[in-house]
There are 2 protein chains.
Amino acid sequence: MKNILGRELPEYIEGFGEVVPFKGAFSNMGIKEKKGVKVSTVSPGENKVLNSIDEALDKAGIKDGMTISFHHHLRNGDYVINMVLDAIAKRGIKDITVAASSIFPVHAPMVDHIKNGVVTGIYANYMSGPVAEAVSRGELKKVAVMQTHGGRPRAIESGELHIDIAFIGAPTADTYGNINGVQGKSACGALGYAVPDAEYADKVIAITDNLVPYPACPIEITQIYVDYVLVVESIGDPNGIVSGTTKITKDPVGLKIAKMTSEVIKASGLVKDGMSFQTGAGGTALAVAAELKEIMKNEGVVGSFAAGGTTAYIVEMLEEGLFRNIFDVQCFDLKAVESYRDNPKHQPMSASMYGNPHNKGAVVNNLDVMILGATEIDVNFNVNVTTSSSGVIMGGSGGHSDTAAGSKLAIVVTNLMKARLPIIKDSVTTVTTPGESIDVIVTERGIAVNPKREDLIEKLKATNLPVMTINELKTMAEKMTGVPKPIELDDKIVAVVEYRDGTIIDVVKKIK
Amino acid sequence: MKNILGRELPEYIEGFGEVVPFKGAFSNMGIKEKKGVKVSTVSPGENKVLNSIDEALDKAGIKDGMTISFHHHLRNGDYVINMVLDAIAKRGIKDITVAASSIFPVHAPMVDHIKNGVVTGIYANYMSGPVAEAVSRGELKKVAVMQTHGGRPRAIESGELHIDIAFIGAPTADTYGNINGVQGKSACGALGYAVPDAEYADKVIAITDNLVPYPACPIEITQIYVDYVLVVESIGDPNGIVSGTTKITKDPVGLKIAKMTSEVIKASGLVKDGMSFQTGAGGTALAVAAELKEIMKNEGVVGSFAAGGTTAYIVEMLEEGLFRNIFDVQCFDLKAVESYRDNPKHQPMSASMYGNPHNKGAVVNNLDVMILGATEIDVNFNVNVTTSSSGVIMGGSGGHSDTAAGSKLAIVVTNLMKARLPIIKDSVTTVTTPGESIDVIVTERGIAVNPKREDLIEKLKATNLPVMTINELKTMAEKMTGVPKPIELDDKIVAVVEYRDGTIIDVVKKIK
């Protein structure tokens, strides 16, 4: 069968189940049910602190076939996933599904566990590095499930993704399981992606390298969700957890794109008091923030909030009074961690509050302007951020689909060509985000507006910006690069791309 | 049948259901299930703000037989319950169950709704005033269910108490339903008792008299739980919401009891670094806090946390460094509200985190010393704080049973006689808190220790405190007052007293 975007899907996938095809960004709404949760009660005098991972695995009742979960707040510095999987493998446990909000190059040892049948399933919102490559080569027994930052909490809350044991890396934990991410040698900032795991897993184990006396202060995830506190030497490498500083690009092309993007934003009429904004941590995305900052300053505009993964640039905008608040689900750099820790205006949000389409309104629903990236874009504005031009998994939606769906103005910023390949194609290798959610594409050589946004096309006509159709943009690129040969992939499906509402927007095939 | 305390209970009560008898404070633990929740999803662009209560009732689908809930953070200044019930009554709706965390004299108009069959059921953790008296006279159609502050979230989370519509008085709300209790003309401080309602009701309506632009800051209950924001002129009378100041007793008897109590605490060996403490807002209870403060200062002790409903005295102890933190579920006075708003060490806790026995460990489980009141105490240390000596409902557990069960040293402080009646009796009119949870009773003329606390009896023997058996204490009082005649009550059951774990510890009979 085909879904509404014309992507070919099987009706059933072994190891995944029935495939419900994507039918449009808001076609699967209405009354939804969050599942019931089993809780093991704790009486006064009981001890939650454990000192060995084997004791923790015993207490949590680890066994073959379980789904275990992890958050990615420790990013490429994370020691927790490898530590837990090694201990599980040593016991001879098999057939584990790893539900990690993201997987990074540091998780390379998981490849051996995949080969040995310890890990046979993966759920992730984003994956890059050796594990992603192993999945692309077809080494994982079941299909991997690629979710979004808002889709993951939806799946967990609805029971679609049932977690047997959540392992929550905790930069600070007290003896009764209250945890925060802002203190300790492994401080990472906000813990938004860990919240659904804590709330819905059968068993929750906080793993910390900074055990503090009761009560921890502040508390991000409370004692009522945590069964055990496992104390270890180290949960991560500080150098990999947060970057020292995130930097604006110095590349003139990136700066040009940022400048043009800021003009699009200005022309859209959204730069006004109460405006809201989100951008990623990439160099061009940050350059857009820098341009927007100047516009807001010049016009004396005070925005309502900036959201998302947070960087020093966004913190500076808060501190300079350009936004009243930040909503933070994760911190990208040290300044963001400090601001989140010290500034009450820098507020937390859980992954569900950030982007879950099936709660009573996520923060993304209130976004005005969203700056997004792309690996490929098709002529219907569908965006791929999941696979590379050679078809290998090298990312995933993260919050891409969530913010695109929620925001009033979703702008993809990208070079028109990358590695001598055009970005705009007739068909993308993988659809991550549907074109209906994308409003504008800004490249250094031209700007394409989604035809459904006639209002915006009119507004941009009044500027000097190089607005053209997406086909014109594609042709321009192809004149320089030639039309690239389509990549050849195996027929075997190695991953499904789950849209935020749980329907399937695409599948990823094995590389040849 | 009789429960473990010998209280006579029917096996089934019409309008309530099967009666599960109380079997001991921690007899009903293990694996418990929190129920699933239905959520109406909200897409971008939808509006949550409503300007008329009728529109809110329409949107929420009010109908005969529903259970609607309220929190009591606006205390005796609350306008919300009366406002909502009046609007419901005007529609001719009948057979409503009101699940309010507490009911106060200000809710007197509810008596007419009870008489007219608009309100036929009540759940409350505490009730005083005309509604409580009407229940005692047998005017409510169904039996009222008296819960505890920890038992209520347990019942809501488990599904035993299903809420169709929660009406949450919100001193501040933004346009998307983020709310806090610390800003606006009706500021009341912490909103801990409203959290389970927000999380588990089918529909949640925030009612505010201070609508602010998105996003509110701080946020205590988030947008993902709130369906609608109803804006009204006023949600309460500031004079009734918080008292200007809570005051230490000036009564010499109360001061003497407080002094003796502090000596008991000292002798117990619990005054040491990391100690935790809770007391109520009554004059004698506050006097105990003042005495304890001096002891802690003299001994250079730094406690871990003070908990509970919070007063200026507890805030001062935090500010003077005598405790590292406060856990706050509700604020009793303006200084507590300000501290909760401004001091990050003054941390929130939901009602569930405070006292629910069926989560993974409530804050009460970590309490060392708890100061409690009593209306009557029997020779087995069972305490009544539900009914007066004439059998009329004039209170309820609130957090009494929860903190008594959780704390290491639960001390009841009381005058030996009140209104020329002895406090200690062979049998109390109503059991609120089981004797097994009470460690010591301190009166101005003598101290009785629960015989199971042999360790404490030994420790107190080394002091000059007037320690005696509870029967000696009873005899001493009766010598002065005579043995009071037992009160006569009707056979009709007007309320059940639900222990925190959902079992029935006693019933309340109709007054004659």
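What you see is a predicted model; the values in this text were computed from it and never measured. (Residues numbered from 1 in each chain as written. Chains lettered and ligands numbered in written order. Predicted model: local features only at pLDDT ≥ 70, side-chain atom pairs only at ≥ 80, totals over all residues. Heavy atoms only, no water.)

All names here are of chain B. With respect to the secondary-structure elements, Thr433 resides in the loop between strand 26 (424–425) and strand 27 (440–442). Overall, Thr433 belongs to the buried group, its relative accessible area being 0%. A polar contact of 2.7 Å, which involves the side chain of Thr433, links it to the side chain of His400. Here the side chain of Thr433 touches Ser401 through a polar contact of 3.0 Å, side chain to side chain. Contact partners of Thr433, with chain neighbours within four places excluded, come to Phe381, Asn382, Val383, His400, Ser401, Ala404, Ile438 and Ile505. (Helix = DSSP H or I, 4+ residues; strand = E, 2+ residues; numbered from the N terminus. Buried < 20%, exposed > 50% of the residue type's maximum accessible area, 1.4 Å probe, protein only. Polar contact = N/O pair within 3.5 Å; in protein donor to acceptor, adjacent residues only side chain to side chain. Contact = heavy atoms within 4.5 Å.)

Before going further, it helps to spend a moment on helix 15 (residues 470–481) of chain A. Its twelve residues place the ends of helix 15 of chain A 16 Å apart at the C-alpha level, agreeing with the 16 Å of an ideal helix rising 1.5 Å per residue. Directly after helix 15 of chain A, the chain includes Gly482 of chain A, whose backbone phi takes a positive value near 80°. (Expected span 1.5 Å × (residues − 1).)

With that settled, consider the pattern of salt bridges. Residues and elements named next belong to chain B. Evaluation of the coordinates by the stated rule reveals 55 salt bridges over all chains. Close ionic contact of Arg154 with Glu160 constitutes a salt bridge, the shortest N to O distance being 3.0 Å. Exposure remark for Arg154: the relative accessible area of 2% places this residue in the buried category. Look at Glu160 and you get partly exposed, because its relative accessible area is 48%. (Salt bridge = Lys/Arg side-chain N within 4 Å of Asp/Glu carboxyl O.)

All names here are of chain A. Domain assignment breaks chain A into domain 1 (48–241) and domain 2 (252–488). Relative placement of domain 1 and domain 2: their C-alpha centres are 29 Å apart. Across the boundary between the two partners, domain 1 contributes 31 residues, which contact 29 residues of domain 2. Interface of domain 1 and domain 2: buried area, both sides summed, is about 2,100 Å²; carbon and sulfur atoms make up 62% of it. For the pair domain 1 and domain 2, the interface holds zero salt bridges. Elements with a minimum of two residues in the side of domain 1 that touches domain 2: helix 4 (130–136), helix 5 (151–158) and helix 6 (195–200). In terms of residue class, the side of domain 1 that touches domain 2 is made up of 14 nonpolar, twelve polar and five charged. (Domains from an automatic or database assignment. Buried area = accessible area lost by both parts, 1.4 Å probe. Nonpolar A, V, L, I, M, F, W, Y, C, P; charged D, E, K, R; others polar.)

Attention shifts here to the interface of chain A and chain B. Contacts between the two partners involve 58 residues from chain A, matched on the other side by 58 residues from chain B. A combined buried area of about 4,500 Å² lies between chain A and chain B, and 55% of that area is made up of carbon and sulfur atoms. The closest approach of N and O atoms between Lys360 of chain A and Asp227 of chain B, which form a salt bridge, is 2.8 Å. The interface formed by chain A and chain B holds 30 residue pairs in polar contact (both at pLDDT 80 or more) in total. Of all elements in the fold, only strand 3 (31–34), strand 4 (37–40), strand 17 (303–310), strand 18 (323–331), helix 12 (351–355) and helix 13 (400–406) of chain A reach the threshold of two or more residues within the side of chain A that touches chain B. Across the side of chain A that touches chain B, the residue classes break down as 28 nonpolar, 18 polar and twelve charged. Where strand 4 of chain A and strand 3 (residues 31–34) of chain B come together, four bridges link them in antiparallel fashion. Bridging from a neighbouring strand, Lys38 of chain A pairs with Glu33 of chain B of strand 3 of chain B. (Pairing = 2+ DSSP bridges.)

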